[in-house]
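# Structural overview for review
This is what each chain is made of:
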Amino acid sequence: MKGKFDRSAEDVGNILALEHLNLTVPDQAVASMFYVSGLGFTRDPYVDFGVFNFNNMWVNVGDQQFHLPQGKAQHFRGTIGLIVPDLNQLRWRLDQVGRSLKDTEFGFEIYDDHVAVTCPWGNRLRCHAANDKMSLGIAYLDMDVPGGTSAGIAQFYREVFATPVVQANGIAEVHMGTNQIVRFVEKDGDTGAYDGHHIAIYVANFSAAHDWLEQRALITEESDQHQYRFQALVDPKRSNGALVELEHEVRSLKHPMWGRRLTNRNSGQTFVSFHRGREAFVP
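A short tour of the structure in this document, coming up. Only a predicted model underlies this, so the values are computations on that prediction, with no experimental measurement involved. (Residues numbered from 1 in each chain as written. Predicted model: local features only at pLDDT ≥ 70, side-chain atom pairs only at ≥ 80, totals over all residues. Heavy atoms only, no water.)

### Quick word on the layout of surface pockets
Threshold: Lining residues are those with an atom within 4 Å of a point, where the points come from a 1 Å grid over the protein atoms alone and group into cavities, where a 1.4 Å probe fits but cannot get out, or pockets, open sets with protein on both sides within 12 Å along at least five of seven lines. Grid points are joined across faces, edges and corners, and a volume is the space filled by probe spheres set on the points. Here a helix means four or more residues in a row that DSSP labels H or I, a strand means two or more in a row labelled E, and each is numbered from the N terminus. Classification used: nonpolar for Ala, Val, Leu, Ile, Met, Phe, Trp, Tyr, Cys and Pro, charged for Asp, Glu, Lys and Arg, polar for all others including Gly.
In this structure, the largest pocket occupies an estimated 430 Å³ of space. Elements with a minimum of two residues in the lining of the largest pocket: strand E9 (137-146), strand E11 (171-176) and strand E12 (180-187). If you tally residues by element for the lining of the largest pocket, the top one is E12, at three residues. Class assignment for the residues of the lining of the largest pocket results in nine nonpolar, nine polar and four charged.

Encoded structure:
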């Protein structure tokens, strides 16, 4: 039986989940129109659901979230890859909110296998139909990085976080958990200035990465017992500064939010097409 199965294909690294992407927005009413009414996601009903919760706004997307504090618009330097239950319903909703968002950067284009969407402040999203790995959620991030940096970024995640990485042709593909990927894609020219947006990840071996980062003075915040932050991605084999910046909010599996079941609505429900008992999203 030896060699019949590829056991390495089942391996999962130390990063178990990409939990949220945090982007500040100037207007949370406009953000709600886009993320909730347009994309069909769900305003978290339990945490940061009002207008006086440190100006934050949590939007649930399957097992992931967007965190949208109020502030100057932040821009993810690349593309946010999303999975939605139904592309036809998505197109209909985007048509409906288009009138309300006409004075923003909002727009969308329909392709054979996805819908490319631009948020009201210029962030790029790519929406795909549900598949056997995910039916609703943040599936991937494709981040633009300067030329010549992908090999060092790949080595950073391998060494610091002991997570699977595929690196080739100017792309470092970092695998998180069983069904999420963060790709660092080399681009020619200016990739834009970093403006403080961040991602949150959960890791199993919480202390090993912390020790490595602390020894090199890369920890930027000791949040609490269950969380810390860093920003610079460096080449472990060199000492020439940051390859790229992206703040990581690193959480342990003892963090109170780990494994929290997020509330998601069935975005296909409308007043006209309402069916009793089908209000909640079911994967």
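### A few points about the pairing of strand E5 (residues 78-84)
Heads up, the condition is: Burial classes follow relative accessibility: with a 1.4 Å probe on protein chains only, a residue under 20% of its type's maximum area counts as buried, one over 50% as exposed, and anything between as partly exposed. In short, DSSP must find at least two bridges between two strands for them to pair.
In terms of burial, E5 is a largely internal element, seven of the seven residues being buried. Where E5 lies against E9, six bridges are found, and the strand directions are antiparallel. By the bridge assignment, Thr79 is partnered in E9 with Asp142. Looking at chain direction, E5 and strand E8 (residues 124-129) are connected through six bridges and run parallel. Within E8, the position partnered with Ile83 by the bridge is His128.

### Considering the sheet that holds strand E10 (residues 165-168)
Heads up, the rule is: To obtain an axis, a line is fitted to C-alpha atoms, over the contacting stretch when the element is a helix, and the angle between two such axes runs from 0 to 180 degrees between their N-to-C directions. Residue contacts follow a heavy-atom distance rule, with two residues in contact if any of their heavy atoms lie within 4.5 Å.
Pairing in this open sheet of eight strands is mixed, and the strands run E6-E7-E8-E5-E9-E12-E11-E10 from one edge to the other. Unpaired on one side and paired on the other, strand E6 (107-110) and E10 mark the two borders of the sheet. The sheet shows a mean angle of 15° between the axes of neighbouring strands, direction not considered. Contacts between helix H2 (residues 87-98) and the sheet are confined to E5, E6, strand E7 (115-118) and E8, with E7 contributing the most and set at about 30° to the helix.

### A look at the side chain of His67
Heads up, the rule is: Polar contact is defined as a pair of N or O atoms within 3.5 Å, subject to the rule that within protein one atom must be able to donate a hydrogen and the other to accept it, and that residues adjacent in sequence are counted only when both atoms are side-chain atoms.
Note that His67 resides in strand E4 (residues 64-67). Exposure remark for His67: the relative accessible area of 4% places this residue in the buried category. Polar contacts involving the side chain of His67 include one to the side chain of Trp58, which spans 3.5 Å. Sequence-distant contacts of His67, that is, excluding residues within four places in its chain, are made with His20, Leu21, Asn22, Leu23, Asn56, Met57 and Trp58.

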